[in-house]
Amino acid sequence: MSKPSAFDPKLDIVFERFLDAPPRLVWEALTQPEHVSQWYMPKAWGRVSRCEMDLRPGGVFGIDIVVGNGPEVPNLGCFLDVVPMQRLVWTSMLFPGYRPAVFDDVPITAIMTLEPQGTGTRYVFTALHRNEADVAANKESGWKEGTDIALDQLVAHVASMK
């Protein structure tokens, strides 16, 4: 398994949830498009219009969203590390196949870890940013709030899968 990166409170935002379900179910909810589409976008804000995941280093991580009645907004990235039931890492800094990304949004690298805890799972999502300005932009844009809402939806969705 890859060595985790060090947390930097000036550059990283961490979200944590306990899910009353085994890592197998949480992994399924995080990696299968039909499940991701159910929780990824805050329901009051919009919806996921398309989800594609190729779970291998260099594989596509693509989730397109629609906010309100607006246009479809593509979100494309690349998986960097995939350790089933334990760790999933993707970045928006690279497109599939490790191709340099071109976009006008705040880039992140996401590290998601699953740890068995009793009969449930401790889930940690860490968003790594380039600099403090990117962190501030993500907080001001509503991204942090939206991620909190989406993770609450993830918890509810996993509970419905049991």
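Up top is the structure.
Everything in this summary refers to the structure shown in the same document. Predicted, not measured: the structure shown is a model, and the values here were computed from it.

## Some remarks on the overall build of the protein chain
Then, in step 1: Across its full length, the protein chain holds 4 helices and 10 strands.
Then, in step 2: When the helices and strands of the protein chain are read in sequence order from the N terminus, they spell out β-α-α-β-β-β-β-β-β-β-β-β-α-α.
Then, in step 3: By the compact-globule yardstick of 15 Å for 162 residues, the protein chain fits well, its C-alpha radius of gyration being 15 Å.
Then, in step 4: By its C-alpha atoms, the protein chain is 40 × 40 × 30 Å across when sized along the principal axes.
Then, in step 5: Sorting the 162 residues of the protein chain into buried and exposed places 45% on the buried side.
Then, in step 6: Contacts spanning at least 24 positions in sequence make up 49% of the contacts within the protein chain whose residues lie at least 6 apart.
Then, in step 7: Looking at the protein chain as shown, the accessible area adds up to about 8,500 Å², and 55% of this sits on carbon and sulfur atoms.
Then, in step 8: Charged side chains in the protein chain number 15 positive and 20 negative. The centres of these two groups are separated by 3 Å.

## Observations concerning the pairing of strand 10 (residues 120-128)
Then, in step 1: With 8 of its 9 residues buried, strand 10 lies for the most part within the structure.
Then, in step 2: Pairing of strand 1 (residues 12-19) with strand 10, which is carried by 8 bridges, proceeds in the antiparallel orientation. Along strand 10, the bridge assignment pairs Phe15 with Phe125.
Then, in step 3: Here 9 bridges tie strand 9 (residues 109-117) to strand 10, and the two strands are oriented antiparallel to one another. Considered in strand 10, the bridge of Met112 is made with Phe125.
Then, in step 4: With antiparallel pairing between neighbouring strands as the criterion, strand 9 and strand 10 make up a hairpin whose turn holds 2 residues, including Gly118 at a positive phi of roughly 60°.

## Remarks on the packing of aromatic side chains
Then, in step 1: Inspection of every chain in the model, using the stated rule, returns 5 aromatic pairs.
Then, in step 2: Here Phe15 and Trp143 contribute two aromatic rings whose centre-to-centre distance is 5.8 Å and whose plane-to-plane angle is 75°, an arrangement assigned as edge-to-face. Within this pair, whereas Phe15 is found in strand 1, its partner Trp143 is found in helix 4 (residues 143-161), the two being separated by 128 residues in sequence.
Then, in step 3: Take Phe15: its relative accessible area is 2%, and that puts it in the buried class.
Then, in step 4: On the basis of an interplanar angle of 15° and a centroid distance of 4.2 Å, the ring pair of Phe61 and Trp90 is categorised as stacked.

## Section: the pattern of salt bridges
Then, in step 1: Scanning all chains against the criterion turns up 11 salt bridges.
Then, in step 2: A salt bridge links Arg50 to Glu52, with the nearest nitrogen and oxygen atoms 3.0 Å apart.
Then, in step 3: Given a relative accessible area of 31%, Arg50 falls into the partly exposed group.
Then, in step 4: Of the charged contacts in the structure, one is a salt bridge between Asp64 and Arg50, with a shortest N-O distance of 2.8 Å. Here Arg50 lies in strand 2 (residues 46-53) and Asp64 lies in strand 3 (residues 60-67), a separation of 14 residues in the sequence.

Basis of the calculations
- Residues numbered from 1 in each chain as written.
- Predicted model: local features only at pLDDT ≥ 70, side-chain atom pairs only at ≥ 80, totals over all residues.
- Heavy atoms only, no water.
- Helix = DSSP H or I, 4+ residues; strand = E, 2+ residues; numbered from the N terminus.
- Rg over C-alpha atoms; globule rule 2.2 N^0.38 Å.
- Buried < 20%, exposed > 50% of the residue type's maximum accessible area, 1.4 Å probe, protein only.
- Contact = heavy atoms within 4.5 Å.
- Areas by Shrake-Rupley, 256 points an atom, 1.4 Å probe, with all protein chains shown as cover.
- Lys, Arg positive; Asp, Glu negative; His and termini not counted.
- Charge placed at Lys NZ, Arg CZ, Asp CG, Glu CD.
- Pairing = 2+ DSSP bridges.
- Phe/Tyr/Trp six-rings, centres within 6.5 Å; stacked < 30°, edge-to-face > 60°.
- Salt bridge = Lys/Arg side-chain N within 4 Å of Asp/Glu carboxyl O.

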